[in-house]
Amino acid sequence: MRYKGKVYRPPSEAYSLIVQVTYGCSHNRCAFCDMYDDKHFALRPMEEIREDFEMARQVYRHVERVFLADGDALMRPAAQLSEILGWVYDLFPECQRVTCYASPTSIHVKSEEELRALRRQGLTMVYMGLESGCDKVLEKMAKGHDAASIIAAGQKARRCGLALSVTAISGLGSLDLLEDHAMGTAQALSAMKPEYIGLLTLMVEPGTPLERWVQEGSFIVPQAPDILRETEIFLHHIDSEGSIFRMNHASNYLTLKGTLNRDKEALLARVQQGMAGHGLRPAYLRAL
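Parameters and conventions
- Counting restarts for each chain, with residues numbered from 1 along the sequence as it is written.
- Confidence filtering applies because this is a predicted model: local features only for residues at pLDDT of at least 70, side-chain atom pairs given and counted only at 80 or more, and all residues used for totals across whole chains, interfaces and linings.
- Working from all heavy atoms in the structure, the side-chain values ignore hydrogens and water.
- Strands here are runs of E lasting at least two residues and helices are runs of H or I lasting at least four, both read from the DSSP assignment and numbered beginning at the N terminus.
- It is over C-alpha atoms that the radius of gyration is taken, and the globule rule equals 2.2 Å times the number of residues to the power 0.38.
- Burial status follows relative accessibility: with a 1.4 Å probe on protein chains alone, a residue under 20% of its type maximum counts as buried, one over 50% as exposed, and anything between as partly exposed.
- Two residues form a contact once any of their heavy atoms are found within 4.5 Å.
- In these tables, accessible area is a Shrake-Rupley quantity obtained with a 1.4 Å probe, and a residue counts as shielded only by the protein chains included in the view.
- In this tally, Lys and Arg are treated as positive and Asp and Glu as negative; His is ignored, and so are the chain termini.
- Here the site of a charge means NZ on Lys, CZ on Arg, CG on Asp, or CD on Glu.
- What is meant by a nonpolar core is a set of buried Ala, Val, Leu, Ile, Met, Phe, Trp, Tyr and Cys residues, joined one to another through side-chain atoms within 4.5 Å.
- Strands are treated as partners if at least two bridges between them are detected by DSSP.
- For a crossover, the right-handed case is the one in which the path from the first strand over the helix to the second runs clockwise, viewed with the strands pointing away from the viewer.
- Disulfides are defined as cysteine sulfur pairs within 2.5 Å.

Enquirer: A description of the overall build of the protein should follow, citing residues and the corresponding values.
Expert: A count of helical and extended segments in the protein gives ten helices and ten strands. Taken over the C-alpha trace, the protein has a radius of gyration of 19 Å; the compact-globule value for 288 residues is 19 Å, and the two agree within 12%. Counting all 288 residues of the protein, 52% fall into the buried class. Within the protein, residue pairs in contact and separated by at least 24 positions form 77% of the contacts whose partners lie at least 6 positions apart. In the form shown here, the protein has an accessible surface area of approximately 12900 Å², with 51% of it arising from carbon and sulfur atoms. Mean positive and mean negative side-chain charge positions of the protein (33 and 36 charges, respectively) differ by 4 Å.

What follows is the structure, encoded as structure tokens:
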């Protein structure tokens, strides 16, 4: 496949066919993120997209999953996404799902009719970053939306039939806002009740505003004991019945897997074990 710059995908898309339909991220101003610092957001030419899918059909005998990259593929006009979905299912009739990243903005700018049509045409799930449910954290990190706006976007996606996977970042509130970040994030996710919840742990990337704040001392990065305390607060406050919960990213100190709310007590017990020093990933093994 032909790729421009760095390409990212969710862990669950490890075995998916990945085709860029946009380049970069439509926001690309979050203070903690350097994912798409090598390119500006742009819509990839439709002809190139079709060519990539046709080349993939010649190379791969069986494609069950397709991930539309880059960081906000849903920002393409609905008519163009509809055409792209048509190519996917025409070329890969064996395909079982098509997914993409979506921002709160790209969900908000589409009508419910457009989102429902995309779902009927085969867009099965979108991945959206909440990062935090605390407005002070979201403002500091230049997310571009407050918690209410992100919650509304997630609820809209679900209302239109799209499965929703939402990520948040442990430690993003620094030590100062640790409890507000934990409780606000739990409340935001409880309001959306996404099918999937992913909890990453903050890692400071070189060249970001966050790195500068850390160096200046205005942002104190929570360490493993702090992150576990935050996770405990989060789990005590979340109420998202049926959500599949994963804290198994390479950035995490502790691996947690379960289904809410059924496994909440088991998850909390696992956190308590982590607090006692059992099962923690050494800091040098953490990665994005």
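Enquirer: Can you lay out unusual backbone geometry for me, pointing to particular residues and giving the numbers?
Expert: A cis amide bond links Ala69 with the next residue in sequence, Asp70, at an omega value of 10°. Along the chain, Asp70 turns up in the loop between strand E4 (65-69) and helix H2 (78-91). Residues Leu260 and Asn261 are joined by a peptide bond in cis, for which omega reads -5°. Locating Asn261 in the fold gives a position in the loop between strand E10 (256-259) and helix H10 (264-275). Positive phi values are uncommon outside glycine, yet Lys193 reaches one of about 50°. Taking the relative accessible area as the measure of exposure, Lys193 reaches 31% and is therefore partly exposed.

Enquirer: Could you give an account of the nonpolar core, naming the residues involved and the relevant values?
Expert: Generally speaking, a soluble globular protein has its nonpolar side chains buried in company with each other. Of all hydrophobic cores here, the largest spans 61 residues; its most connected members are Phe53, Val66, Leu68, Leu74, Leu123, Phe234 and Phe245. Among the elements that make up this core, the one with the highest residue count is helix H7 (residues 178-192) (six residues). In this view, Phe53 contacts Leu17, Val19, Val66, Leu68, Ile84, Val88, Leu91 and Phe92; residues no more than four positions away in its chain are not counted.

Enquirer: Any chance you could break down the pairing of strand E7 (residues 163-170) for me, citing the residues and the numbers?
Expert: Among the eight residues in E7, seven count as buried, and that is most of the element. Bridge count between strand E6 (residues 123-131) and E7: six bridges; the pairing is parallel. Looking at the pairing, Glu131 lines up with Ala168 of E7. Two elements, E7 and strand E8 (residues 196-201), share six bridges in a ladder whose sense is parallel. Across the sheet, the residue bridging to Thr167 is Gly198, located in E8. The handedness of the E7 to E8 crossover, carried by H7, is right-handed.

Enquirer: A description of the state of the cysteines should follow, citing residues and the corresponding values.
Expert: Per the counting criterion, the structure on display carries zero disulfides. With no disulfide partner, Cys30 has as its closest neighbouring cysteine sulfur the one in Cys33, 6.2 Å distant. Not part of a disulfide, Cys95 finds its nearest cysteine sulfur in Cys100, a span of 13 Å. Cys95 sits in the buried class, given a relative accessible area of 9%.

Scope: geometric values only; no functional claims are made or implied.
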